[in-house]
Amino acid sequence: MIGIDWGTSSFRAYRLHNGQVIDRLESSAGIMHVQNNAFAETLRTAIAPWLADGETRALMSGMISSRQGWVEADYLPCPANAATIAASLTRVDFEGCDLRIVPGLSAQDSDGTPEIMRGEETQIIGSAAADGLVCLPGSHAKWAKIQAGQIDSFTTYLSGEAFSALRTGTILGRTMNDAPHDPAGFDRGVQRSADTGHLLHHLFGVRTQAIMRTLTADAGASYLSGLLIGHEIRAALPPGGHATLLGTPELCALYARAIAQRGGTSVNGSADSAARGLVIIGELAQWI
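Described in the following lines is the structure provided in the data block. (Residues numbered from 1 in each chain as written. Predicted model: local features only at pLDDT ≥ 70, side-chain atom pairs only at ≥ 80, totals over all residues. Heavy atoms only, no water.)

## Let's talk about the packing of aromatic side chains
Within the structure shown, the criterion is met by 5 aromatic pairs. Ring geometry for W6 and F39: centres 5.8 Å apart, planes at 80°, overall edge-to-face. With a gap of 33 residues between them, W6 in strand β1 (residues 2–6) and F39 in helix α1 (residues 39–52) connect regions that are remote in the sequence. Summarising the burial analysis for this pair, W6 and F39 share the class buried. For the ring pair W70 and F94, a centre distance of 6.0 Å and an interplane angle of 80° mean the geometry is edge-to-face. Of this pair, W70 sits in the loop between β4 (57–61) and β5 (75–77) while F94 sits in the loop between β6 (90–92) and β7 (98–101), placing them 24 residues apart in sequence. Taken together, the ring pairs connect W6, F11, F39, W70 and F94 into an aromatic cluster. Positioned over the ring face of F94 is R44, at 4.3 Å from the centre of the ring. In this structure, R118 is placed above the aromatic ring of Y75, and the distance from its NZ or CZ to the ring centre is 4.0 Å. (Phe/Tyr/Trp six-rings, centres within 6.5 Å; stacked < 30°, edge-to-face > 60°. Helix = DSSP H or I, 4+ residues; strand = E, 2+ residues; numbered from the N terminus. Buried < 20%, exposed > 50% of the residue type's maximum accessible area, 1.4 Å probe, protein only. Lys NZ or Arg CZ within 6 Å of the ring centre and 35° of its normal.)

## Description of the environment of Q35
Along the chain, the position of Q35 falls in the loop between β3 (20–27) and α1. By relative accessible area, which is 58% here, Q35 ends up exposed. C-alpha of Q35 to C-alpha of G126: the two residues are 91 residues apart in sequence and 31 Å apart in space.

## Digging into the sheet that holds β1
Here we have 6 strands laid out as an open sheet, ordered β3-β2-β1-β4-β7-β6, and mixed in their pairing. The open sheet has two free edges, formed respectively by β3 and β6, since each of these has just one partner strand. With direction set aside, neighbouring strand axes in the sheet form an average angle of 25°. As paired strands, β1 and strand β2 (residues 11–17) are joined by 5 bridges and run antiparallel to one another. Of the residues in β2, the one forming a bridge with W6 is F11. Sheet strands touched by α1: β1, β2, β3, β4 and β7. Its angle to β1, the strand with the most contacts, is close to 145°. (Pairing = 2+ DSSP bridges. Axes fitted to C-alpha atoms, helices over the stretch in contact; angles between N-to-C directions. Contact = heavy atoms within 4.5 Å.)

Pasting the structure below:
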């Protein structure tokens, strides 16, 4: 089977045999980089060698199933587990290969505000995380509650995208250099997030500290990162809590550092959680 994790900015494909990754490829051909909705052509070009070698089934997850993707798949409401997801695959017409898409998940805040995810559900399933919290850092960081082996609920934080917007589109960015990551500056930001006061108030402090020369231009971006991640963790993780982290090594390292500073603990999940999740879903769908 071929497993495909097709996101907004990246494309990852795995050739899978007996539950193991035997070949893989990665490119920047995320859905926002595919011109004229040429998803079929993009996929065929990428996996042509595997199709020629006899693969006849492919399973996709991620933003490829969104309104901006190839075929929009419905969201399944939480709580949901691997079995309910496997029973809700959407078939996509694709010559030469039986192609199906994993649905996303939806949830609600306590006030009824909707939450959505696409792709993260497959990573969570593949992580085999025990009951508790799973955090997926990124532009739109997800914190999912796992209970009784299913995704019970989740919450999204715009931390990564907010960092980028503040760093490049506000006056705060003018106080910062494009310098290497500054661990001490990051720690100061996390520490500040624990103080009383609103995030917006703390954000203005990035500028005032730079003006008063108590925060250097080289440390500014790291401080801002720590401030945002610290506020996120403060909201998402109970004091002394534990989380499984799924994401890039660089981001997971930042989150682990901030969680430890806030008195919690964390463990990194498998880098191949998406591939493993696709295997599990395919098996439950009696497809492989």
